[in-house]
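Commentary on secondary and tertiary structure
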Amino acid sequence: MLRSWPRYKKDPSPKSNKSPKSTKVPKGNQCVDEGECAPPSLNIRNFAGLKDCLRDDPTSDEPRWDGNVTIADYEGDEGGFNSSAPNAQNRVAPKLSFIDDAQDDYTAAKYSSWGSARNPSGILFAESAEEVMIAVNCARQFGYQVSPRGRGHSYQGLSNMDGFMTVDLSLMCNPKINPEPPKGYENGWLLGEDQKVLGSITVEAGCTNAVMLAATAQSDAFTGEKDGIYLIGSCPSVGITGFATGGGMGDATGYVGMGADDIISFDVVVYNETKAEAEIITASRKENDDLFFALQGGGSGLGVVVSMENLVIESPESSRKPEDREYVSFFQITYSRQDKASVTKFLKRFQDFLVPDHSWDSPEYKKAIREGSSRYGGGAAFLENAIGFNGVFLASEADLNTTLEKYNLLDNDILESFSVQATQKSYGRAMAVRLCLAAPGSWFTWYLPTFLPDSERPSVLFNICEDLGIDEAKYCEAVGDNVIQVQPTADGCMEDEFIDAFIRAARQPQSFINRPGFQGLAEVFEDFVPQFAEQIRATFTGGILVPRVKPEVLYKLFEIGVIANHFANGAATLVPSDKTGYGNREEYMLIEFTNLFDPAGAQDTYDQVADLLIREVYDGDRTKLRGYYNYMNAPGNPNWPEYYFGENVEKLSKIKKKYDPANMFGNFLQIPPATEN
């Protein structure tokens, strides 16, 4: 499929067309000063020309785009929200804004969930692929790089680059259910022929994990007789495009693979150098398969993804009647820390459970993960005061017990506690409970940006139950002393009325669940804790990936004290490293270091873990360290391409040269175009 949009042809005013007085030679692909430099192969920047191009409609005397768009909506299409809740108000931003516009308008538009507060030259909230193409054509004509922004969750703020033209896609979100397996995907999935594909969901690029969870949970095609799994991550408001193009780890990764694995096609706006205009092309196994490879976990930077089609995999519980199904929504298990032998015994058994000690491509390995960790997803703590793991199990409590016993993880010699906190009858509802139970404090960051109080510090910071329109006394509790946060209780998370309200709110793309972030948190804290606000706006330490290692190395990780946020176990390890852009397939454990309250301590812990792996695992070769693109570290690693993309760097660079030779969609932490064929 290929669709073109005509270039903007209206002549800019003579003033807009003037060349700058001087030109600076850019370093790499960076360009900072307005009108004074340009990345290689792009025109000299012309800010006035960019504004005229985007604002003027050549077919009308009226401005092309005017007025505001709603980016946080308390009322929603299906109701269920209480717009009279404390501090609750819809948030709006200009449809199109520029860096020299009124500061309040520009600040509202440039808001991004995570990362450094950057300053793009212009920001457009696109509502269609055609609008994206107009923005790309105007940016190219007047010398600007383009920064696609889905939901703005890049740790380093890469979706909002300084001096770029930001194209925000968050208003483009309308999932379409496809109830039949796509052609070519009828004969099983990663774990074998008996693992069925139920169908797919075609979705625009501005949707979030929460929207897709709700779309699956509310679909008759993927609930009822057959129960379907759409992989999401652990944070409800993460955008699905960055999630997939960076790899995509979630609690069902062990069963369905990475987010990158479950995409079967992308529609992408690229700039066709031959035609000198933007166009939409499809990338899949059959069309532009090299671009498809790169977008499957290769970090993007090749164009603007405007839509994609994602597989929905049949749940392992679908063999049972709906009334007999059971998913463990959340369990916790802790182990003895009394002596080195007990800790090492647990760590070795846990690693064997996640990545069995067989050759990766052997039948024994595939059999072991099918019978073991493929149904598990979650995280772990290897800390002095807490060692163990938690998460979801895509089967019943009885099945969980059987699996844990098989790997001796319920051995009384090392076990301290084991509890199953919740079970549900469907995957969608199980994951809704999981999101609620895993970290109640994270409601704070999901919620804050929806109101951003501009007066005094509020006595009640938020009230989740009131905003969901449900009984606070039944499902929530007040937490805190000086500032009260009303958030769901553990029992409240498991009640049907709460789950229904959560899913209903999650389905609305601009609801408070889908508009969170730490930049909003920084604005709230600016007046009374400015040093904390500065920490929040700083770049994050990110994460590091760990391969299968010797038990003594695992013990040294415990001595350092680390938290594993996700595991890329099970089905994800069956995909060859050269099959998709995501190349770090043997690194199964993601350790996260982000700590808003102690960023220096987080960096120190990262350094200790990196030094341990270099010394004990990689024979002193720092270039063998591997990281996760979606938990990006601060800039400074000279080997960052290999760090994130392994052995796929050269191939990705050649693909970049083919589809974006001018580096129009790239930034300093995306693979640059190859310099040679």
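Residues numbered from 1 in each chain as written. Predicted model: local features only at pLDDT ≥ 70, side-chain atom pairs only at ≥ 80, totals over all residues. Heavy atoms only, no water.

Our focus in this paragraph is the nonpolar core. A general tendency of soluble globular proteins is for nonpolar side chains to be buried together. Counting residues in each nonpolar core, the largest one holds 143 residues, and the members touching the most others are F346, F350, F382, F389, I544 and M589. With eight residues, the top contributor of residues to this core is helix α11 (residues 427-438). Those residues in contact with F350 that lie beyond four places of it in its chain are Y376, A380, F382, F389, L409 and F567. In terms of nonpolar packing, the next biggest core, distinct from the first, is built from 33 residues, F98, A135, V136 and A139 among them. (Core = buried A, V, L, I, M, F, W, Y, C linked by side-chain atoms within 4.5 Å. Buried < 20%, exposed > 50% of the residue type's maximum accessible area, 1.4 Å probe, protein only. Helix = DSSP H or I, 4+ residues; strand = E, 2+ residues; numbered from the N terminus. Contact = heavy atoms within 4.5 Å.)

Where burial is concerned, most of strand β15 (residues 376-382) is hidden: seven out of the seven residues are buried. Here β15 shows a buried face lined by Y376, G378, A380 and F382 and a second buried face lined by G377, G379 and A381. In terms of strand pairing, β15 meets strand β16 (residues 387-393) through seven bridges, oriented antiparallel. Among the inter-strand pairings, A381 is bridged to a residue of β16, identified as G388. Between β15 and β16, which pair antiparallel and follow one another directly, the connecting turn spans four residues. (Pairing = 2+ DSSP bridges.)

For any pair of aromatic rings, the description consists of the separation of the ring centres together with the inter-plane angle of the planes. In total, this model carries 27 aromatic pairs according to the counting rule given. Aromatic side chains Y335 and F346 sit 4.1 Å apart centroid to centroid with 20° between the ring planes, which places their arrangement in the stacked category. Of this pair, Y335 sits in strand β14 (residues 327-335) while F346 is found in helix α8 (residues 340-354), placing the two residues eleven residues apart along the sequence. By relative accessible area, which is 0% here, F346 ends up buried. Three or more aromatic residues link up through ring pairs in this structure, and these residues are F331, Y335, F346, F350, F353, Y376, F382, F389, Y407, F418 and F567. A cation over an aromatic ring shows up here: R64 above the ring of W65, its NZ or CZ 5.4 Å from the ring centre. The positively charged end of K651 is found above the aromatic ring belonging to F293, 3.8 Å away from the centroid. (Phe/Tyr/Trp six-rings, centres within 6.5 Å; stacked < 30°, edge-to-face > 60°. Lys NZ or Arg CZ within 6 Å of the ring centre and 35° of its normal.)

A few words now on the sheet that holds strand β7 (residues 165-168). Strand order in the open sheet formed by four strands is β4-β5-β7-β6, with mixed pairing between adjacent strands. Single-partner strands in this sheet number two, and they are β4 (96-98) and β6 (146-149). Between one strand and the next, the sheet's axes are offset by a mean angle of 15°, whatever the strand orientation. Relative to β7, strand β5 (residues 122-125) runs parallel, the two being bridged by four bridges. For F125, the partnering residue across the bridge sits in β7 and is D168. This element, helix α2 (residues 103-110), spans β4, β5 and β6 of the sheet and lies at about 60° to β5. (Axes fitted to C-alpha atoms, helices over the stretch in contact; angles between N-to-C directions.)

Looking now at α2. Along an α-helix, a turn takes 3.6 residues, which lines up residues three or four apart on a common side. All of the buried residues in α2 are Y106, A108, A109 and K110. Here the buried face of α2 lies against β2 (68-72), β3 (91-94), β4, β5 and β6.

Let us now look at the packing of helix α1 (residues 47-55) against helix α3 (residues 129-141). Where α1 meets α3, the axes come as close as 9 Å, and the angle between the chain directions of the two elements is 155°. As summarised for this structure, α1 and α3 are arranged roughly antiparallel, according to the angle between their axes. The handedness of the crossing between α1 and α3 is right-handed. In contact with L50, C53 and L54 of α1, α3 contributes I134, A135, C138, A139 and Q141. Across the contact of α1 with α3, the residue classes tally to seven nonpolar, one polar and no charged. (Parallel < 35°, antiparallel > 145°, perpendicular 65-115°, else oblique. Left-handed = near helix turned anticlockwise from the far one by under 90°. Nonpolar A, V, L, I, M, F, W, Y, C, P; charged D, E, K, R; others polar.)

Once that is clear, we can look at the state of the cysteines. Tallied over the entire structure, the rule returns four disulfides. With a sulfur-sulfur separation of 2.0 Å, C53 is cross-linked through a disulfide to C138. Here C53 and C138 share a disulfide; its torsion about the S-S bond, -75°, makes the bridge left-handed. With a gap of 85 residues between them, C53 in helix α1 and C138 in helix α3 connect regions that are remote in the sequence. There is no split in this pair, since C53 and C138 are both buried. Here C436 connects covalently by a disulfide to C493, the sulfurs 1.9 Å from one another. Its S-S torsion of about -60° marks the bond between C436 and C493 as left-handed, since a negative value means left-handed. Here the residue C436 occupies a position in helix α11, and C493 occupies one in helix α15 (residues 490-493), the gap between them amounting to 57 residues. When its relative accessible area of 2% is taken as the criterion, C493 is described as buried. Sequence-ordered numbering of the bonded cysteines in the protein chain gives a pairing of 1-2, 3-4, 5-8, 6-7. (Disulfide = S-S within 2.5 Å.)

So, about the confidence of the model for the protein chain. A residue-level look at the protein chain finds 82% of positions with pLDDT of 70 or above and a mean pLDDT of 85. A low-confidence stretch, residues 1-39 (pLDDT under 50), is modelled with 90 contacts involving residues beyond four sequence positions or located in other chains. (pLDDT = per-residue confidence, 0-100.)

Moving on: the environment of E495. Turning to its location among the elements, E495 is positioned in the loop between α15 and α16 (496-506). Distance from E495 to Y475, taken between C-alpha atoms, is 7.9 Å for residues 20 residues apart in sequence.

Quick look at the pattern of salt bridges now. Scanning the entire structure with this criterion turns up 31 salt bridges. Here D411 and R349 are joined by a salt bridge, their closest N and O atoms 3.0 Å apart. Taken together, the residues span a long stretch of sequence, with D411 in the loop between α10 (397-406) and β17 (415-424) and R349 in helix α8 at a distance of 62 residues. Overall, the relative accessible area of 21% leaves D411 in the partly exposed class. Overlapping salt bridges, with partners in common, bring together K348, D352, D357 and R548 in one network. (Salt bridge = Lys/Arg side-chain N within 4 Å of Asp/Glu carboxyl O.)

Each strand in a sheet pairs with another by means of backbone hydrogen bonds, the pair being arranged parallel or else antiparallel. Across the sheet, which stays open at both edges, the seven strands sit in the order β17-β14-β16-β15-β22-β23-β21 with antiparallel pairing between neighbours. Edge positions in the open sheet fall to β17 and β21 (543-547), since each of these has one partner strand only. The mean angle between the axes of side-by-side strands here comes to 20°, regardless of whether they run parallel or antiparallel. On the sheet, α10 packs against β14, β16 and β17 and is oriented at approximately 150° with respect to β17. Set on the sheet, helix α20 (residues 599-616) makes contact with β21, β22 (562-567) and β23 (587-592); between it and β21 the angle comes to about 25°.

What follows deals with the side chain of N584. Tracing the backbone shows N584 in the loop between β22 and β23. Separated by 3.5 Å, the side chain of N584 and the backbone oxygen of Y643 make a polar contact. A polar side-chain atom of N584 sits 3.1 Å from the main-chain carbonyl oxygen of Y644. The residues touching N584, leaving out its near neighbours within four places in the chain, are L545, R626, G627, Y643, Y644, F645 and G646. (Polar contact = N/O pair within 3.5 Å; in protein donor to acceptor, adjacent residues only side chain to side chain.)

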